[in-house]
Amino acid sequence: MNGWTISSLIVAAAILLPVFFILVSVAQGPGENWSHIKQYVLKDAVMQSAWLALLTGLFTTGLGVGLAWLTAAYDFPLSRLFRWTFALPLAIPPYIAAYTYSAMLGYTGVVQTTLRNTFGLQLSQGWFNIMSVQGAVFIFTMFLYPYVYLIARAFLESQTGAYVENARLLGRGPWSVFWLVVLPISRPAIAGGVILVCFEVLGDYGVVSYFGISTISTAIFKTWFGMYDIASASRLAAWLMIGVLGLFLLERQLRRQRRYSATSGKSRPLVRRRLRGAGGAAACMFGAVVMLVSFVIPVAQLVVWATWTADEVWHEGFYRIIGDTVAVAIVPTALTMVAAAIVAVSVRQFDGIFGYMLAKAVTAGYSIPGAIIAIGVLAVFIKLDGWLAPVYVALRLGTGEAPLVLSLSIVMLVAAYVVRFMATGYNALEAGFEKIGPQYAEASRLLGRGRTQTFLRVELPLLKGALLSGTVLTFVEIVKELPLALLLRPFNFQTLATKTYQYASDERIHEASVPALCIVVVSLASVYLLNRIERGMEV
Amino acid sequence: MLGRFTFSSVAAILLFILLTACGAGSGSSENGNTASQPSESAAAGQSQEQEQSGSKEVNIYTARHYEVDGKLYDEFTRATGIKVNVVEGKAEELIERMKREGESSPADLFITVDGGILNNAKTSGILQPIESDTVNSNVPAEYRDADNHWVGLSARARIIAYSKERVKPEQLSTYEDLATDKWKGKVLVRSSTSLYNQSLLASLIELNGEAQAEEWAKGIVANMARKPEGGDRDQAKAIVAGQGDVALMNTYYVGQLLNSKDAEEVKVGEQIGVFFPNQETTGTHVNISGVGLAKHSKNKDAAIKLIEYLTGAEAQAIFSSENFEFPVNPEAELPELLKSWGEFKKQQLDFSKLGEHNKKAVEILNKVGWD
């Protein structure tokens, strides 16, 4: 037990407290509605959720790793631009993408009205129907693949040079290099990204409820909101979390005996090859299509709608909402990254299952629908206020015998963000650690440096890239986060996401486009900043 | 060396957390009037001094997110000098929050868009009676809770929208009729996660009994033109696109379509008809949005003043003209569109029944496979 272990246990305990409130419901035993849920709801919900997660996982892996490989290993027309624009779809919340695409493709959307009014064509609605499991997989894939792309590209660029060149020297063509070398060695990085994607898909409520797909997440809300049974809803959420943890264990078992870090001290960065002629054109075309579908088209549509409604919707107050959104995202992002670093360092000290479970436990908050986490956080903070009541009274904070201070302040929301988004920060750092392997740390310890010194002097500089991408991922996630902000914010406090929800929930997607675009712009700015910093580091 | 750094780093983190906490805490003790520190206003509203001199603030937890609501609150503040603080959220989550906050809850009013949920709030024990003659005279008894724990703010009717091209209104009659073979493959409806569908089914459970309500739901599932998807507006578009002939919809969405910035949506609104079902029998299903007085309200007088204002004829007319909902105050002026739909017979149901049967309704929806 050293300082790192103790601090990481403290972090884990703080994060697990709200999760614990949810897990308790499993121990309490089934309520009166449980048999009904089991009989009529569970099977469909589990199947559909599994399908969605599986298909989205496969497609995001293909697209994310493919694009990462393309931009890491090759130079082609516009490749420098694509390298950072491929991260942009992250700026669009999937439920906004779902509303946008279904509106565009719908009867009054731009596609059908153009066909109808300009060409006199009226095709069967079946051609345009995106509101299905396949449609949901399409939306999730196009707007979540950057998780895989970002983590995989960071890994490929710095780590695979030697292997790829050896394979090339041995006469392997580009496809077999990709399949036989790149995919297998980047597996831990891919796993980190895909797990985030699966979390998002399993926890999503906006897309699936709009598309009419029954998943575990919709079942949770039907049980809570429709049957007023929050205990059974928590129970469902707890089982969802247990199932996801099981998946983690399985993935770990499958790669237990392998090591993925470079064995030689020097890892050579990948030398990009130039793609000329048809190859270059094809790569450029492919990149352009992905960018069009996952960013340019939906944003263009939002811009058009915004021009219709901005007069009504945009007002002075928006600057404050933007400012509040950014301010309230910066603090939890910083806290999350510090906490993630503490846990990541100490997890590396125990090789066994304990360290692994610790790591997965602190990231579990991401797999549960946000509204359920919110209730857990609320419960913890109201308890906390109860304990602190004598202090408040002494300091004359709040009023009454049991004043609420923390739970009425922004602190509760900040804490909830950290609980929920440890996963994005931690997974990026973990992939970074996998990449640098244990040998640097071992060498440093052998030479007499302490754990802390080793981390600061040796590991931290090597982790810069992972730290940065983790920071940006987390920041963007918080900027577009909805369910926690909706329930846990203090009075008169709005984020861009809650403002967007306010319109979207009333089916006013045209009006919602204004705050949704603000989310995109704020996220864009942070991705751009990341890119600038990264470039600065390269020089 | 190791120990020292670790300690200082942990200490720094803890200090940081504490500072954030105190930052918010000290803000609330200053009693400031600026809105820049979000927690200030909430805590300020509870300060002893103000409570004695008549409260100058009202704190609302609301599940209504319409622009018009904000405008009315601003108007109220201008007229009375009472500041309105708002948290918007989902109704059930806000109820849960109020329950957990208990006596210390800062909420004065709870506002939501469904009679069933209002009843749920009442039975959860988070409300108290609204004692005001003005409110009682503003709003007829049918839109008020029997114990005055809540009062309606606006009403919406769940009607049958139909294709003006393919359906004659004479062919339409009741909700029950939509479940017969006559409409096989022609009914459009959104998913069972929609509270509007749950409440409609709850009303049918009350009126026709559980067994018949289940038969009805089964019949609707059998008649669906496509699997349930999208929102209310999407059902209207699907009618015009020819995917189905009739849809269950709330009236105000028709109003929104007709007033859309998108010319194509206006066309959709023009091509569908509005039919008020069950006129010969039990009446059209009507639901309300409404407001309840929080049990532990610290600004009770100001809160009741706000309810009186919102139920007044003037505010009611604004609700109606901006959002196309029906006013609950009979004195309120109706917008032209609502007048054009004419008078109709409403379901005579105690709204608390919707809440009581909601669970059963969800069970039935699950059972018959209404996605």
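Residues numbered from 1 in each chain as written. Chains lettered and ligands numbered in written order. Predicted model: local features only at pLDDT ≥ 70, side-chain atom pairs only at ≥ 80, totals over all residues. Heavy atoms only, no water.

- Chain B is annotated in an unreviewed UniProt entry as Fe(3+) ABC transporter substrate-binding protein from Paenibacillus thermoaerophilus.
- Under the UniProt heading Sequence similarities (unreviewed entry), the note attached to chain B is "Belongs to the bacterial solute-binding protein 1 family." (UniProt positions renumbered as here; feature names shortened; annotations may be inferred.)

- The name an unreviewed UniProt entry assigns to chain A is ABC transporter permease, from the organism Paenibacillus thermoaerophilus.
- In its Sequence similarities (unreviewed entry) section, the UniProt entry covering chain A states "Belongs to the binding-protein-dependent transport system permease family."

**Some remarks on the overall build of chain B**
- Within chain B one finds 16 helices and 10 strands.
- Looking at chain B as shown, the accessible area adds up to about 13,900 Å², and 50% of this sits on carbon and sulfur atoms. (Helix = DSSP H or I, 4+ residues; strand = E, 2+ residues; numbered from the N terminus. Areas by Shrake-Rupley, 256 points an atom, 1.4 Å probe, with all protein chains shown as cover.)

**Re the interface of chain A and chain B**
- Between chain A and chain B, the contact holds 83 residues from the first and 84 residues from the second.
- Both sides together, the interface formed by chain A and chain B hides about 7,300 Å², and carbon and sulfur atoms give 59% of it.
- Taken together, the connections running from chain A to chain B amount to five salt bridges.
- Across the pair B:Lys359 and A:Glu32 runs a salt bridge, and its minimum N-O distance is 3.6 Å.
- On the surface where chain A and chain B come into contact, there are 26 residue pairs in polar contact (both at pLDDT 80 or more).
- A total of six residues in the side of chain A that touches chain B trace back to one element, the largest contributor, which is helix α11 (residues 216–226) of chain A.
- Of the residues contributing to the side of chain A that touches chain B, the split by class is 42 nonpolar, 29 polar and 12 charged. (Contact = heavy atoms within 4.5 Å. Buried area = accessible area lost by both parts, 1.4 Å probe. Salt bridge = Lys/Arg side-chain N within 4 Å of Asp/Glu carboxyl O. Polar contact = N/O pair within 3.5 Å; in protein donor to acceptor, adjacent residues only side chain to side chain. Nonpolar A, V, L, I, M, F, W, Y, C, P; charged D, E, K, R; others polar.)

**A word on the pattern of salt bridges**
- Tallied over the full model, the rule gives 36 salt bridges over all chains.
- We note a salt bridge from A:Glu507 to B:Arg190, for which the minimum N-O separation is 3.2 Å. Placement of A:Glu507 in the loop between α21 (496–504) and α22 (509–538) and of B:Arg190 in the loop between β6 (187–188) and α8 (195–208) is noted, with the two residues assigned to different chains. No difference in accessibility class separates A:Glu507 from B:Arg190, as the two residues are buried.
- A salt bridge links B:Lys360 to B:Glu210; its shortest N-O distance comes to 3.4 Å. Residue B:Lys360 is located in helix α16 (residues 351–367), and its partner B:Glu210 is located in helix α9 (residues 210–223); the two are separated by 150 residues in the primary sequence.
- One connected set of salt bridges, linked through shared partners, spans A:Glu32, B:Glu210, B:Lys359, B:Lys360 and B:Glu363. (Buried < 20%, exposed > 50% of the residue type's maximum accessible area, 1.4 Å probe, protein only.)

**Considering the environment of B:Ser132**
All names here are of chain B.
- Mapped onto the fold, Ser 132 is located in the loop between β4 (127–128) and α7 (133–138).
- For Ser 132, a relative accessible area of 6% translates into the label buried.
- Along the sequence, Ser 132 and Ala 241 sit 109 residues apart, while their C-alpha atoms lie 50 Å from each other.
- Those residues within four positions of Ser 132 in sequence are excluded, and the remaining contacts are Ile 304 and Glu 308.
- For Ser 132, the side chain forms a polar contact with the side chain of Glu 308, separated by 2.7 Å.

**Considerations on the packing of aromatic side chains**
- Summed over the entire model, instances satisfying the criterion amount to 30 aromatic pairs over all chains.
- Pairing A:Phe82 with A:Phe86 gives two aromatic rings, centres 5.2 Å apart and planes at 10°, and the pair type is stacked. You'll find A:Phe82 and A:Phe86 in the same group, each marked buried.
- Through a chain of ring-to-ring contacts, three or more aromatic side chains come together here, namely A:Trp69, A:Tyr74, A:Phe178 and A:Trp179.
- The ring centre of A:Tyr107 lies 3.8 Å from the NZ or CZ of A:Arg116, which sits over that ring.
- One Lys or Arg, B:Lys90, reaches over the ring of A:Phe221 and ends 5.6 Å from the middle of that ring. (Phe/Tyr/Trp six-rings, centres within 6.5 Å; stacked < 30°, edge-to-face > 60°. Lys NZ or Arg CZ within 6 Å of the ring centre and 35° of its normal.)

**Quick word on the side chain of A:Ser79**
- Here A:Ser79 is to be found in helix α3 (residues 79–85).
- In this structure A:Ser79 touches A:Thr71 and A:Tyr74, once residues within four positions along its chain are discounted.

**Brief notes about unusual backbone geometry**
Residues and elements named next belong to chain B.
- With a phi angle near 60°, Asn 278 is a residue other than glycine that sits in the positive phi range.
- By the secondary structure assignment, Asn 278 is in the loop between β8 (272–275) and β9 (286–294).
- Given the relative accessible area of 1%, Asn 278 is considered buried.

**Digging into the pairing of strand β7 (residues 246–250) of chain B**
Residue and element names in this part refer to chain B.
- In terms of burial, β7 is largely enclosed, as five of its five residues are buried.
- Judged by which residues are buried, β7 turns out to be covered on both faces: Val 246, Leu 248 and Asn 250 on one side and Ala 247 and Met 249 on the other are all buried.
- When strand β5 (residues 150–163) meets β7, the two strands line up antiparallel, connected through five bridges. For Ala 161, the partnering residue across the bridge sits in β7 and is Ala 247.
- In terms of strand pairing, β6 meets β7 through two bridges, oriented parallel. By the bridge assignment for β7, Leu 188 is matched with Ala 247. (Pairing = 2+ DSSP bridges.)

**Quick look at the pairing of strand β3 (residues 109–112) of chain B**
Residue and element names in this part refer to chain B.
- Because side chains alternate across β3, one face comprises the buried residues Leu 109 and Ile 111, and the other comprises Phe 110 and Thr 112, equally buried.
- Of the pairings in the sheet, the one linking strand β1 (residues 57–62) to β3 comprises three bridges and is parallel in character. Looking at β3, one finds that Ile 60 is bridged to Leu 109.
- In this structure, β3 lies alongside β9, joined through four bridges in antiparallel fashion. Across the sheet, residue Ile 111 finds its bridge partner in β9, namely Val 291.

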